[in-house]
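What follows is the residue order along each chain.
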Amino acid sequence: MWYLCVFYHRLLDYRKPEVESLAHLFGAFEDEQNGDVPSQLQWKLPIHHHPDSPFHFVNLPSEQVARSIANRSILVKGLYELWGEGGSYEELKDSVLSYPDERKLPYLEAGSTFKITVDSFGKVMSLDEQKELIQGLAYIPFKGQVKLKNPDHNFWLIEIDNYGRNNGLPPIVQRRIFFGREVGGADRKLIPTYQLKSRTYLGPTAMDAEMAFLMANQALATSGKLIYDPFVGTGSILVGAAHFGALTMGADIDIRVVRDGRGPNCNVWSNFEQYGLPMPVGLLRADNNRPPWRSGLKEIFDAIICDPPYGVRAGGRKSGGRKLLKGAVEPYVVPDDKRTDHIPSTAPYSLVECVHDLLDLAAKMLAMRGRLVFFYPVLRDDDCAETHFPEHPCFKLISSSEQILSSRYSRVLLTMVKVGAYTKEIAEAARLKHLEFRENHVKWLQDGNLHSAVFSPIDAQLPEAGDSKFIKDPKPKYRGKYV
């Protein structure tokens, strides 16, 4: 059945992939069991709508699946059974009256309670205007009682104005009005509850709550699944997974972060305690370059979600130290009496090597059909027309969602699903792919100078006085993925 899906107007590239993942989690693709890549939902746009419009139609197998998706999603404002639409209120009336009575009457019966909400996009309506529009729906035979708080049925009247192209929103060239019954909607209290400014323990790379929940949804986090973060830091990503009931486990190369924090009441564990979440199964001091797992141990995680260190806010580190890696000093054993306070020496860890090790770890440790979800940086450079993402023979890339952070830099959330078993032949093929990727990718990635590329001065690009190209337009243009 087709439903009207209304998104929040932010993180535009993340919206459909999140719904696709949740549809997979809640059984929308039960007929597909052995395919390499999960099936995709059917989508279509309302008439004359821009692809970035927050309004889409999506085909879902049942109302229960639609409700589950809407109630769990972060970016879906609501899913609605559409009773009618039109370019005017006269067209809307005709459309609603022609909708089958057997679909409408069960929700209009006496003894039930209902509420009508008026919403708009691209315009603001006064309370008097909203009241007048609600009174104009008198042709719908509501027999129940109005109840503004927790009614049995929520109905929405949504108007989109034909505001053209110059108000900073996706252009819509024709007015459209929708009326429908709410099937499910997002929990608006979730993000404020978990916002970082109230978090007990924070670090410079803590993932904001909204993005952590999106990553957990992409990873299909749910009760009974074990999810691992090899760059756990202060645990912000795992907090999102634990909220949805998943078992969590993390590792970090800095023992001070995972063991000590800022004291007994301000550490990774206290972040989980703050929200009443299950504690992680374990937190390890471990190096992604030298994983601690015994040989032969495979396929124990259902998902791996992480934000690898790519050198903008924090650079990657691996065990060894410069002198040890160069062979200037011999390997040494830390005496027993000094191990408690010992901080192992580390060396720089390039993003190319880090991502290769991450893919290798995921190929070994993820269960079949398990998901790898991680961020990958992209320089928005005219000289780099094509973005090359890392590959591995064990994985299929199912979505890549870009978030533009500045005119020169963005990050892409990659979601991969494991479709092949890890073997020696696969490991060799992965090594060759890594070498090809390393050679063909842009130079900044190998050199590890992403930070300087992002934050370097751009005085040479400043406009000259009187340059008409840089005169500010008083009417804001639509900014697309910057939203």
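Refer to the structure presented above.
Bear in mind that the values here come from a model prediction, so they are computed numbers and not experimental data. (Residues numbered from 1 in each chain as written. Predicted model: local features only at pLDDT ≥ 70, side-chain atom pairs only at ≥ 80, totals over all residues. Heavy atoms only, no water.)

(A) Broad picture of the overall build of the chain. From N to C terminus, the chain includes 15 helices and 17 strands. Within the span of the chain, comprising 483 residues, buried residues form 48% of the whole. Considering only residue pairs separated by 6 or more positions, the chain has 75% of its internal contacts joining residues 24 or more positions apart. On the chain, roughly 24200 Å² of surface is accessible, and the fraction owed to carbon and sulfur atoms is 50%. (Helix = DSSP H or I, 4+ residues; strand = E, 2+ residues; numbered from the N terminus. Buried < 20%, exposed > 50% of the residue type's maximum accessible area, 1.4 Å probe, protein only. Contact = heavy atoms within 4.5 Å. Areas by Shrake-Rupley, 256 points an atom, 1.4 Å probe, with all protein chains shown as cover.)

(B) View of the environment of Pro291. Here Pro291 is to be found in the loop between strand E11 (282–285) and strand E12 (301–306). The spacing of Pro291 and Leu358 is 67 residues in sequence and 9.8 Å in space, taken between C-alpha atoms.

(C) Spatial organisation of the layout of surface pockets. The volume enclosed by the largest pocket comes to roughly 950 Å³. Forming the boundary of the largest pocket are 48 residues, of which Thr205, Gly233, Asp252, Pro309 and Ala314 lie nearest the centre. Every element with two or more residues in the lining of the largest pocket is listed here: helix H8 (236–243), helix H9 (255–260), strand E17 (409–418) and helix H15 (450–455). A total of 3 residues in the lining of the largest pocket trace back to one element, the largest contributor, which is H9. Together, 20 residues line the second largest pocket, and Asn154, Trp156, Glu182, Gly185 and Ala186 are the ones closest to its centre. Among the elements that line the lining of the second largest pocket, the one with the most residues is strand E8 (residues 176–185), at 5 residues. A class-by-class count of the residues in the lining of the second largest pocket yields 6 nonpolar, 6 polar and 8 charged. (1 Å grid on protein atoms, 1.4 Å probe; cavity = no way out; pocket = protein on both sides within 12 Å on 5 of 7 lines; lining within 4 Å. Points joined across faces, edges and corners; volume = space filled by probe spheres on them. Nonpolar A, V, L, I, M, F, W, Y, C, P; charged D, E, K, R; others polar.)

(D) Inspection of the packing of helix H7 (residues 209–218) against H8 at higher detail. For the pair H7 and H8, interaxial distance at closest approach is 8 Å and the crossing angle is 60°. Here H8 runs oblique to H7, going by the angle between their axes. Classified by chirality, the crossing of H8 by H7 is right-handed. Counting all contacts with H7, which are made through Ala212, Phe213, Met215 and Ala216, the residues of H8 involved are Ser236, Ile237, Gly240, Ala241 and His243. Of the residues belonging to the contact of H7 with H8, the class tally is 6 nonpolar, 3 polar and no charged. (Axes fitted to C-alpha atoms, helices over the stretch in contact; angles between N-to-C directions. Parallel < 35°, antiparallel > 145°, perpendicular 65-115°, else oblique. Left-handed = near helix turned anticlockwise from the far one by under 90°.)

(E) Focus on the sheet that holds strand E2 (residues 42–44). Strand order in this open sheet of 8 strands is E2-E3-E1-E4-E8-E7-E5-E6, and the pairing throughout is mixed. Two strands bound the open sheet, and with one partner strand each, they are E2 and strand E6 (145–146). Two strands pair when backbone bridges link them, and strand E7 (residues 153–160) and E8 are joined in this way by 6 bridges, in the antiparallel orientation. Bridged to Ile158 within E8 is Phe178. Contacts between helix H5 (residues 127–135) and the sheet are confined to strand E5 (113–121) and E7, with E5 contributing the most and set at about 125° to the helix. (Pairing = 2+ DSSP bridges.)

(F) Representation of the nonpolar core within the structure. If you look at the biggest cluster of nonpolar residues, it comprises 75 residues, and the most contacted ones within it are Leu372 and Phe374. In terms of residue count, the dominant contributor to this core is helix H12 (residues 351–365) (9 residues). No fewer than three residues from each of domain 1 (2–187) and domain 2 (191–454) sit in this core. Setting aside chain neighbours within four positions, we find Leu372 in contact with Ile304, Leu358, Leu359, Ala362, Leu366, Phe395, Leu414, Thr415 and Met416. Tyr3, Leu41, Val58 and Val76 belong to the second largest nonpolar core, which has 19 residues in total. (Core = buried A, V, L, I, M, F, W, Y, C linked by side-chain atoms within 4.5 Å. Domains from an automatic or database assignment.)

These values are about where atoms sit, not about what they do.
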